[in-house]
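Letter by letter, the chains look like this.
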Amino acid sequence: MSTMTDPAVSAALERLLPAALVGTERAPGWRAALSATPAPLNGLMAALAATPDEDATVLLRAAGVLALAARIGADGLALPAEATAADAVPAGPERRPALADASRAVVETLLQDDAPIGLRHAMLRRLAERGWRLPAALLPQALELAQREPALRAAVGAVIGERGAWLIRQQPRWRQLGEAPAQPTEADWSDGAPNARLAFLRHARAQDAAAARARLEAELGQLAAAERAQLVEALAVGLSMADEPLLMRLLQRDRGGEVRAVAARLLQRLPDSAQAGWLAAQWDTLLKSESAWLGLKRRWTIEPPAAEGADWKAHGLDLQRPRHDGLGERGGWLFQLVRLTPLSFWTTRTGLAPADLMAWAQGSDWKDALRRGWFEAAQALPEDPAALAPVEVEWLLALLGRDARGVSVSEQAALRRRLPPAQRTALWRARLAGDPVEVAGEIVLVCEQAALAGVPDPAGSVLDAGFLAELGAVLDAQWSALCAGQLDDRRCNDWLGRAPALLAWLPARMLDRVERLPEPVNPTDAALGWAQQQRTTLHARLQRIAALRRAVEALPAAPAS
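Here the structure is a predicted model, which means the values were calculated and not measured.

(A) Region of interest: the overall build of the protein. Check the secondary structure of the protein and you find 30 helices and two strands. Per-residue burial over the protein gives 46% buried out of 561 residues. The contacts of the protein with a sequence gap of at least 6 include a subset with a gap of at least 24, amounting to 69%. On the protein, roughly 26900 Å² of surface is accessible, and the fraction owed to carbon and sulfur atoms is 53%.

Structure below.
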């Protein structure tokens, strides 16, 4: 079967242009031109051409179909060239009803509008909880939104129904949006989207780690680098020394940089691996100690490598120095060795606690390389806080309790999400009164990270009831003072960027605080007009988010089937 290309869509639209410009009555033959549209739209266009409806109506319908094809990619509407009619499997029967028309307004608004991610997540989550799926007309918008915002992919996948799953199978760029099945089957592994294959492999690892590894090895040579990296991550389930040969082979030989990076991260969790032994041998020559204070203490010193090692590339070091990293050549080498080394090595080798090591690094000429390397090594820690060793929790607290120059806020958020809830809350509680704007921004980022990991209720997994009450009181005081003109311009501007995103994630019971906020005070001094405008804008945004959240919470339950 032939496929329709984007140029073919454009050509079909151009054939309709004369009829649209001069009128259908002055452009004879335009209906016949519809039937000449290439596959897979030729059948639909022929049916439109034969309809007895008015010419103008038919023309608009045809233009709408072609415009949609151009928007989502004509290749997504077509079968592969080698496919047959038997391969055109229709969507399965829907198990949930489509959202009733009377409730669609708020959903359409949040799919189309530039709303905070948390607000859109709340809407999608509420739809799923109430038993609805998205109407077919809204599926392209929802899938494009999930494509742009990875944190929404799991939530979108829960409400697209069978027709949405069918659309994902037709459009290559949507393939990664498929919802991971709760109970993966062999069909998911053989024919499923990447998420389904990953879910199957993780499930298989939990049942029989060796058999699942053998299955992965058999397919690695046939996969693109992105999918290889994704599936190799599944080895984290049931990881053991039995996985070391495969991981070492991937680290040393795989062409994909991300695959090698995944293998290196997993090897960091195997302290008895050949990789760990090689790293320990490198530190034997770089990390030294000497007696101090009459032999009562040990003083540690560190020096970067003096020259590039012949076997570095085989052990995961990138020999091409990044531009503008500010570390210099030797500092860059040191950074790479540090990021590949398990954090537990440092406490075991030196006998120092993580906080003491951070203080030691601060006095070193190589503090930036050490600090950045430790942050990256922390990214290799298990994401489940329950799987962390006590010393690993200490490392996270030490890293997040210090200045993190050169470390992205998303990397810091990933570390905060790994912390056990009590320790994470303690970090925020200690700074809430003095720096509420920064704490708000961190909460938003951690919620987004949780959503990206597929957590159904991100805020519920991040904020306990006690801290939520403290946070609410601080927000009430801050936002009320802002509306009253009692905060300076800088703090007002900071809240303008953070408050709407935070409110979108908070539980619905927090909305009454926002709805009680007073209208911003009108200043008498014209020079304060800009600050007043900022306050008015923020007040309006918060009220709008509260109203939309109320509408989302009011979505009715789907009728019982």
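(B) Up close: the state of the cysteines. Following the criterion strictly, the structure yields zero disulfides and no others. Cysteine Cys-492 shares no disulfide, and the gap to the nearest cysteine sulfur, in Cys-483, comes to 8.9 Å. Cys-492 sits in the buried class, given a relative accessible area of 1%.

(C) Structural view of the packing of helix α25 (residues 436–452) against helix α27 (residues 465–483). The N-to-C vectors of α25 and α27 enclose an angle of 130°; their axes lie 11 Å apart at closest approach. When the axis of α25 is compared with that of α27, the two are oblique. Pair α25 / α27 crosses with left-handed handedness. The segment α25 lies against α27, with Pro-436, Val-439 and Ile-443 engaging Phe-467, Leu-471, Val-474 and Gln-478. A per-class count over the contact of α25 with α27 returns six nonpolar, one polar and no charged.

(D) Quick look at the nonpolar core. Grouped together as the largest cluster of nonpolar side chains are 73 residues, with contacts concentrated most on Val-107, Leu-127, Ile-443, Leu-463, Leu-471, Trp-479 and Trp-495. Ignoring any residue separated from it by four or fewer positions in sequence, one finds Leu-471 in contact with Leu-432, Ile-443, Leu-463 and Leu-506. Leu-250, Leu-266, Trp-374 and Leu-419 belong to the second largest nonpolar core, which has 66 residues in total.

(E) Up close: the side chain of Arg-549. Tracing the sequence through the fold places Arg-549 in helix α30 (residues 529–553). Among buried charged residues, Arg-549 stands out as having no salt bridge; its nearest opposite-charge side chain is Glu-553, 4.1 Å away. Within the structure, the side chain of Arg-549 is placed 2.8 Å from the backbone oxygen of Leu-506, a separation counted as a polar contact. Non-local contacts of Arg-549, meaning those with residues more than four positions away in its chain, are made with Leu-119, Ala-122, Leu-503, Ala-504, Trp-505, Leu-506, Pro-507, Ala-508 and Leu-511.

(F) A look at the environment of Val-521. Mapped onto the fold, Val-521 is located in the loop between α29 (511–515) and α30. On the basis of relative accessible area, Val-521 is assigned to the partly exposed category, the value being 43%. Here the alpha-carbon distance between Val-521 and Gly-485, two residues 36 residues apart in the chain, equals 6.4 Å. Beyond its immediate chain neighbours, meaning those up to four positions away, Val-521 contacts Cys-483, Ala-484, Gln-532 and Arg-535.

(G) Region of the structure containing helix α20 (residues 354–362). Among the residues of α20, Pro-354, Leu-357, Met-358, Trp-360 and Ala-361 are the ones counted as buried. Looking straight down α20, one finds its buried side chains confined to an arc of 160°; they lie on one side.

(H) Spatial organisation of the pattern of salt bridges. Under the counting rule described, the total for this entry stands at 29 salt bridges. In this structure, Asp-457 and Arg-125 form a salt bridge, with 3.2 Å as the shortest nitrogen-oxygen distance. Separated by 332 residues along the polypeptide, Asp-457 in the loop between α25 and α26 (458–462) and Arg-125 in helix α7 (residues 117–129) bring together distant segments of the chain. Of the residues examined, Arg-125 reaches a relative accessible area of 31% and is grouped as partly exposed. Members of the salt-bridge network, linked through shared partners, are Arg-125, Arg-126, Glu-129 and Asp-457.

(I) Layout of the packing of aromatic side chains. Taken as a whole, this structure holds nine aromatic pairs when the rule is applied. Their ring planes at 85° and their centres at 5.5 Å tell us that Phe-345 and Trp-346 sit as a pair that is edge-to-face. For the residue pair Phe-345 and Trp-346, the accessibility class agrees, reading buried in each case. Ring-pair connections join several aromatic residues into one group, and the members of that group are Trp-283, Phe-345, Trp-346, Trp-374 and Trp-395. It is Arg-197 that lies over the ring of Trp-189; its NZ or CZ is 4.2 Å from the centre. The side chain of Arg-372 reaches across the aromatic face of Phe-335, ending 5.2 Å from its centre.

(J) Here's a closer look at the packing of α27 against helix α28 (residues 489–505). One can describe the packing of α27 onto α28 by two numbers: an axis separation of 11 Å at closest approach and a directional angle of 130°. The orientation of α27 with respect to α28, classified from their angle, is oblique. The chirality of how α27 crosses α28 is left-handed. Together, Leu-475, Gln-478, Trp-479 and Leu-482 of α27 and Arg-491, Cys-492, Trp-495, Ala-499, Leu-502 and Leu-503 of α28 make up the contact between the two elements. Considered class by class, the residues forming the contact of α27 with α28 number eight nonpolar, one polar and one charged.

(K) Structural view of the side chain of Ser-273. Relative to the assigned elements, Ser-273 resides in the loop between α16 (257–267) and α17 (274–286). At 3.0 Å, the side chain of Ser-273 forms a polar contact with the backbone oxygen of Leu-270. Residue contacts for Ser-273: discarding those within four places in its chain leaves Met-241, Glu-244 and Leu-267.

(L) Examining the environment of Arg-202 more closely. Assignment of secondary structure puts Arg-202 in helix α12 (residues 194–207). Separated by 31 residues in sequence, Arg-202 and Glu-233 place their C-alpha atoms 9.0 Å apart. Ignoring anything within four residues of it in the chain, the contact list for Arg-202 reads Ala-234 and Val-237.

(M) Representation of helix α13 (residues 209–220) within the structure. Taking 1.5 Å of rise per residue, the 12 residues of α13 would be expected to cover 16 Å, and the 16 Å separating its terminal C-alpha atoms lies within 8% of that figure. What α13 keeps buried is the set Ala-212, Arg-213, Leu-216 and Leu-220. The buried side chains of α13 occupy one side of the element, clustering within an arc of 100° when seen end-on. For α13, the secondary structure elements touched by its buried residues are α12, α14 (225–232) and α15 (244–253).

Rules used in this analysis
Residues numbered from 1 in each chain as written. Predicted model: local features only at pLDDT ≥ 70, side-chain atom pairs only at ≥ 80, totals over all residues. Heavy atoms only, no water. Helix = DSSP H or I, 4+ residues; strand = E, 2+ residues; numbered from the N terminus. Buried < 20%, exposed > 50% of the residue type's maximum accessible area, 1.4 Å probe, protein only. Contact = heavy atoms within 4.5 Å. Areas by Shrake-Rupley, 256 points an atom, 1.4 Å probe, with all protein chains shown as cover. Disulfide = S-S within 2.5 Å. Axes fitted to C-alpha atoms, helices over the stretch in contact; angles between N-to-C directions. Parallel < 35°, antiparallel > 145°, perpendicular 65-115°, else oblique. Left-handed = near helix turned anticlockwise from the far one by under 90°. Nonpolar A, V, L, I, M, F, W, Y, C, P; charged D, E, K, R; others polar. Core = buried A, V, L, I, M, F, W, Y, C linked by side-chain atoms within 4.5 Å. Lys, Arg positive; Asp, Glu negative; His and termini not counted. Salt bridge = Lys/Arg side-chain N within 4 Å of Asp/Glu carboxyl O. Polar contact = N/O pair within 3.5 Å; in protein donor to acceptor, adjacent residues only side chain to side chain. Arc of directions from axis to C-beta. Phe/Tyr/Trp six-rings, centres within 6.5 Å; stacked < 30°, edge-to-face > 60°. Lys NZ or Arg CZ within 6 Å of the ring centre and 35° of its normal. Expected span 1.5 Å × (residues − 1).

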